[in-house]
Amino acid sequence: MINPMPSGLSYEQAAALPLSSITAREILFNSLRLHFVPPTHQKSIQTIGAGGIVGAMLTQLAAKVANLKVITTASRPENDQWACSGAHHVIYPRADWREQLNKINVRLVDYITSLAVSEEHLAKSADILSPQGTFCLIAQPLTTQQKQHLGSLRKVDSYKQ
Ligand SMILES: NC(=O)c1ccc[n+]([C@@H]2O[C@H](COP(=O)([O-])OP(=O)(O)OC[C@H]3O[C@@H](n4cnc5c(N)ncnc54)[C@H](OP(=O)(O)O)[C@@H]3O)[C@@H](O)[C@H]2O)c1
């Protein structure tokens, strides 16, 4: 795949785009099988570990191409500029997710993409993922304890291994 380098970027900045963009695109459109939905049927997606380059790309594509309501988690202020850029809401991963979602009038989320994994993230994801929702995890490898926590998502109807 060959594309022109966007103007205004350094070679280093441009070199970071292809792999991360393709990863974000594969998560959304291959793994989650998303496509554009009209605003009247807008669904929500929460991206965990959105403070990196994949999260930044995923946020843009989810909001602008798939028309999702995008909620990102970012724990470090220096990463907020990535996570915030294009996201509808940013929540702090170490605080209570349900409380933070309630404040933005979101009860449960339809999709969760986890770009970083921790036992705490997995437990909290099971709590906020809607029935028939989909969880996509790309961080590897999982520890034995993390695999056990992943099992908590099985109570959600749509869990796929
Ligand atoms: N970069 C690529 O081109 C590429 C390509 C293919 C796959 N991937 C995969 O995609 C994922 C994201 O990659 P990335 O380069 O965008 O971002 P990254 O720099 O690996 O991390 C993204 C965010 O994940 C959180 N995080 C990182 N390590 C963590 C840990 N040990 N525990 C809890 N949270 C942690 C941090 O969030 P906070 O700021 O909130 O702490 C960080 O900002 C990774 O799993 C990577 O292997 C990346």
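Rules used in this analysis
Residues numbered from 1 in each chain as written. Predicted model: local features only at pLDDT ≥ 70, side-chain atom pairs only at ≥ 80, totals over all residues. Core = buried A, V, L, I, M, F, W, Y, C linked by C-beta atoms within 7 Å. Buried ≥ 20, exposed ≤ 12 C-beta atoms within 10 Å, placed from the backbone. Helix = DSSP H or I, 4+ residues; strand = E, 2+ residues; numbered from the N terminus. Pairing = 2+ DSSP bridges. Right-handed = clockwise from strand over helix to strand, strands pointing away. Near = placed C-beta within 6 Å. Nonpolar A, V, L, I, M, F, W, Y, C, P; charged D, E, K, R; others polar.

**Some points on the nonpolar core**
Piece 1. Residues A24, L28, L58, L61, A62 and V109 are the most contacted members of the largest nonpolar core, which totals 37 residues.
Piece 2. Sorting elements by how many residues they give to this core places helix α3 (residues 53-64) first, with six residues.

**Concerning the pairing of strand β4 (residues 109-114)**
Piece 1. Taken across its six residues, β4 has six buried, putting it largely inside the fold.
Piece 2. For strand β1 (residues 44-48) and β4, the ladder comprises four bridges, and the chain directions are parallel. If you follow I45 over to β4, its bridge partner there is Y111.
Piece 3. By the bridge criterion, five bridges tie β4 to strand β5 (residues 129-137) in an arrangement that is parallel. In the sheet register, S114 faces β5, and the bridge partner there is L137.
Piece 4. Between the parallel elements β4 and β5, the chain passes through helix α6 (residues 119-128) in a crossover that is right-handed.

**Notes on the site of the ligand**
Piece 1. Near the ligand lie 20 residues; those nearest to it are G49, G51, G52, V54 and A116.
Piece 2. At the level of elements, α2 (17-31) and α3 are the ones that each hand at least two residues to the shell around the ligand.
Piece 3. For the shell around the ligand, the per-class residue count stands at nine nonpolar, ten polar and one charged.

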